[in-house]
Amino acid sequence: MVPSAKLFILLTSLTLIISFSIAQTSFKPKALVLPITKDTSSSTTQYITQIKQRTPLVPINLTLDLGGGYFWVNCEKGYVSSTSKPVLCASSQCSLFNSHSCSDQNICGRSPTNTVTGVSTFGDIHSDIVSVQSTNGNYSGRFVSVPNLLFICGSNVVQKGLAKSVKGMVGLGRTKVSFPSQFSSAFSFKNKFAICLGTSNGVLFFGDGPYLLNFDESKVLIFTPLLTNPVSTAPSSFLGEKSVEYFIGVKSIKVSDKNVNLNTTLLSIDKNGFGGTKISTVNPYTIMETSIYKAVSNAFVKALRVSTVTPVAPFGTCFAIQNVSSSRMGPDVPSIDLVLQNDVVWNIIGANSMVSIYEKNVICLGFVDAGSDFAKDSQVGFVVGGSKPMTSIIIGAHQLENNLLQFDLDTSRLGFRSLFLEHDNCGNFNFTSSI
Ligand SMILES: *[C@@H]1O[C@H](CO)[C@@H](O)[C@H](O)[C@H]1NC(C)=O
Ligand SMILES: *[C@@H]1O[C@H](CO)[C@@H](O)[C@H](O)[C@H]1NC(C)=O
Ligand SMILES: *[C@@H]1O[C@H](CO)[C@@H](O)[C@H](O)[C@H]1NC(C)=O
Ligand SMILES: *[C@@H]1O[C@H](CO)[C@@H](O)[C@H](O)[C@H]1NC(C)=O
Ligand SMILES: *[C@@H]1O[C@H](CO)[C@@H](O)[C@H](O)[C@H]1NC(C)=O
């Protein structure tokens, strides 16, 4: 045998041995799953998830921010880990953050932002091990780890205003370093994720379906394109950065199947980034530009045919609770339809449109007027509100509860479905591990 052939055989068998041992030790999950809990202990409702991070691993609670670009965690207090590493300036990891700053110690930086309060400071970028539960879509499976998951170091100041047990925030937005991007590249699965906020428990999937609750809800989604706002609406973005949030194209709004007369210019995004409709998990309720709010509220009151009572903040349109009956779909009220491209409809049923305030004996249309004083209130989350808000409609968390939303980042498409229509809910995922 010629030497090169011997070498070839040797290399081939080595490759086989190596790939065999990798196959034995590394399990490739198809998808990952995280629990979501609704937290009402602080002034704003927050949706919290939990991951395990650091060496030794510790559970870390984090507030979810659908439109946030980054994962940040407070490093100032209680961060102990033997595997935490700084990301150096001019490294390829640093460039993923579109960073404009470098510390004296040559550590790459990007501002961690608390999108609940709007507070932002400076922060170093680090990486550390993170452990998350895998899933086959039907139930949860073994924990898998990502050894060098990138994050920004936050501080006590940025953490302030988050729910009590929370140490940071998880952004699911369209950056190269959000959880969906980092998980899909770590395990080579599709850059898709699905979020299902519950009235108490919910679920977050990374990767493709099935998404088994009572049924495989990935089969019943309806789709609409995700739009990109050319201008960021976030407090700590750089000039010229496009938005990493999720916008959809609302073309018109119907109340009880009747078209509401709106200034449609406000529904599209202009070149300065004004207008349009985005989806948010940090705003507890939908916020609408004043003229849209008034038109929708007037149409709603007219269709319901019940007289209004003194409103309870942050809402502007309330009714006596005994005047509104209930159905399986929540309060029995006129349906509100967001009409999207190609006449696809996002139907907001009573359980999502109404908020009951039992102490006051009222039930309110769960939307907030961006121009009202209440829109500046901490209860509705941080918004650049006022008479000319940057975004005309922010679909808030109450309107998302028990809806499954799938974000497909490769095809830029949103799949959605109200689980009420399926006699299902977001708390039905089986988190009982099979290991
Ligand atoms: C998941 O559940 C569905 C229906 O309940 C079943 O058809 C499918 O075989 C299950 N898949 C796995 C991997 O358990
Ligand atoms: C995280 O939040 C859950 C649910 O809100 C709570 O039960 C748990 O104690 C918290 N864990 C930590 C480590 O803060
Ligand atoms: C509609 O909204 C646009 C954008 O804010 C505004 O410039 C225009 O004057 C409005 N039109 C009407 C009829 O109010
Ligand atoms: C609603 O409730 C109030 C107080 O209970 C009552 O006076 C009123 O007649 C009711 N009906 C309508 C249509 O508002
Ligand atoms: C949850 O999944 C486990 C398998 O991991 C199974 O043994 C158990 O019966 C399931 N529980 C329910 C309520 O379906």
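Residues numbered from 1 in each chain as written. Chains lettered and ligands numbered in written order. Predicted model: local features only at pLDDT ≥ 70, side-chain atom pairs only at ≥ 80, totals over all residues. Heavy atoms only, no water.

Points about the site of ligand 4
Rule in force here: In this text, near means that some heavy atom of the residue lies within 4 Å of the molecule or strand in question. We define a polar contact as two N or O atoms separated by no more than 3.5 Å, with the added condition that, inside protein, one atom must be a possible hydrogen donor and the other a possible acceptor, whereas residues neighbouring each other in sequence contribute only through side-chain atom pairs. Residue polarity follows a fixed list, in which Ala, Val, Leu, Ile, Met, Phe, Trp, Tyr, Cys and Pro are nonpolar, Asp, Glu, Lys and Arg are charged, and the others, Gly among them, are polar.
Arg-305, Val-306, Ser-307, Gln-322 and Asn-323 make up every residue found near ligand 4. The contact in question runs from an oxygen atom of ligand 4 to an N or O atom on the side chain of Gln-322, over 2.7 Å. Contact between ligand 4 and Asn-323: an oxygen atom at 2.5 Å from a side-chain N or O atom of the residue. Residue classes in the shell around ligand 4 are distributed as one nonpolar, three polar and one charged.

Thoughts on the site of ligand 2
Filter applied, for reference: What sets the accessible areas is the Shrake-Rupley method with a 1.4 Å probe; for residues, cover comes only from the shown protein chains.
By nearness alone, every residue bordering ligand 2 is listed as Gln-50, Pro-59, Asn-61 and Ser-165. Here an oxygen atom of ligand 2 and a side-chain polar atom of Asn-61 are 2.2 Å apart. When the free accessible area of ligand 2 is taken as 360 Å², the share hidden by the protein chains comes to 47%. Taken together, the residues of the shell around ligand 2 sort by class into one nonpolar, three polar and no charged.

Remarks on the sheet that holds strand E25 (residues 336–339)
What counts, and what does not: For two strands to be treated as a pair, DSSP must find at least two bridges joining them. Secondary structure elements follow DSSP: runs of H or I no shorter than four residues count as helices, runs of E no shorter than two count as strands, and numbering proceeds from the N terminus. In what follows, a contact means two residues having at least one pair of non-hydrogen atoms within 4.5 Å. Simply put, an axis is a line fit to the C-alpha atoms, just over the touching stretch for a helix, and the angle between two N-to-C directions goes from 0 to 180 degrees.
In spatial order, the strands read E18-E17-E25-E26; together these four strands make up an open sheet with antiparallel pairing. Only two strands of the sheet have a single neighbouring strand rather than two, namely strand E18 (258–259) and strand E26 (345–348). Note: strand E17 (residues 252–255) against E18, two bridges, orientation antiparallel. When the sheet's bridge partners are listed, Val-255 is paired in E18 with Lys-258. Contacts from helix H5 (residues 290–304) reach E17 and E25 within the one sheet, and its direction differs from that of E17 by about 20 degrees.

Focus on helix H4 (residues 179–187)
The periodicity of an α-helix, 3.6 residues per turn, causes residues three or four places apart in sequence to face the same way. Rule in force here: Relative accessibility decides the category of a residue: with a 1.4 Å probe and only protein chains considered, values under 20% of the type maximum give buried, values over 50% give exposed, and everything between is partly exposed.
With seven of its nine residues buried, H4 lies for the most part within the structure. Those residues of H4 lying buried are Phe-179, Pro-180, Ser-181, Gln-182, Phe-183, Ser-184 and Phe-187. Phi turns positive one or two residues past the end of H4, at Ser-188, with a value near 45 degrees.

What to know about the state of the cysteines
Put simply, the rule is: The term disulfide is used for any two cysteine sulfur atoms that are within 2.5 Å.
Here the structure, examined in full by the defined rule, presents five disulfides. Covalent S-S linkage joins Cys-94 and Cys-108, the inter-sulfur distance amounting to 2.1 Å. Judged by the torsion about the S-S bond (80 degrees), the Cys-94/Cys-108 disulfide is right-handed. Residue Cys-94 is found in helix H2 (residues 92–95), and its partner Cys-108 is found in strand E7 (residues 108–109); the two are separated by 14 residues along the sequence.

What about the nonpolar core?
As a rule of thumb, nonpolar side chains are buried together in soluble globular proteins. Under the convention used in this document: Each nonpolar core is a collection of buried residues, namely Ala, Val, Leu, Ile, Met, Phe, Trp, Tyr and Cys, held together in the definition by side-chain atoms within 4.5 Å. What fixes the domain bounds is an automatic or database domain assignment.
Counting residues in each nonpolar core, the largest one holds 70 residues, and the members touching the most others are Trp-346 and Phe-407. Sort the elements by how many residues they give to this core and H5 lands first, with six residues. When residues are assigned to domains, this core turns out to be shared by domain 1 (29–212) and domain 2 (219–432), each giving three or more. Among residues more than four places away in sequence, those in contact with Phe-407 are Leu-66, Asn-191, Lys-192, Phe-193, Ile-195, Leu-226, Tyr-246, Ile-279, Arg-413 and Leu-414. Core analysis: the second largest hydrophobic core is formed by 18 residues, Tyr-70, Trp-72, Val-177 and Val-282 among them.

Quick word on the confidence of the model for the protein chain
Where we set the bar: pLDDT measures the predictor's confidence residue by residue and takes values from 0 up to 100.
Scored by pLDDT, the protein chain comes out at a mean of 91, with 91% of its residues at no less than 70. Note on residues 1–24: pLDDT under 50 across the span, and two contacts to partners over four residues away in sequence or across chains.

A look at the packing of aromatic side chains
Note on aromatic pairs: each is described by the distance of the centres and the angle between the planes. The condition that has to hold: Each Phe, Tyr or Trp ring (for Trp, its six-membered ring) is paired with any other whose centre lies within 6.5 Å, and the angle between the two planes then decides the class: stacked below 30 degrees, edge-to-face above 60, tilted in between. By definition here, charges over rings are those cases where NZ of Lys or CZ of Arg is within 6 Å of the ring centre and within 35 degrees of the ring normal.
Under the defined criterion, the tally for this structure stands at 17 aromatic pairs. With 5.0 Å between their ring centres and 70 degrees between their planes, Phe-71 and Phe-179 make a pair best called edge-to-face. Of this pair, Phe-71 sits in strand E4 (residues 71–74) while Phe-179 sits in helix H4; the two residues are 108 residues apart in sequence, bridging distant segments of the chain. The buried category is assigned to Phe-179, whose relative accessible area is 0%. Feature note: the residues Phe-71, Tyr-79, Phe-151, Phe-179, Phe-183 and Phe-206 constitute an aromatic cluster, connected by ring pairs. Positioned over the ring face of Phe-143 is Lys-52, at 4.0 Å from the centre of the ring. Against the face of Phe-27 rests Arg-142, its NZ or CZ located 4.2 Å from the ring centre.

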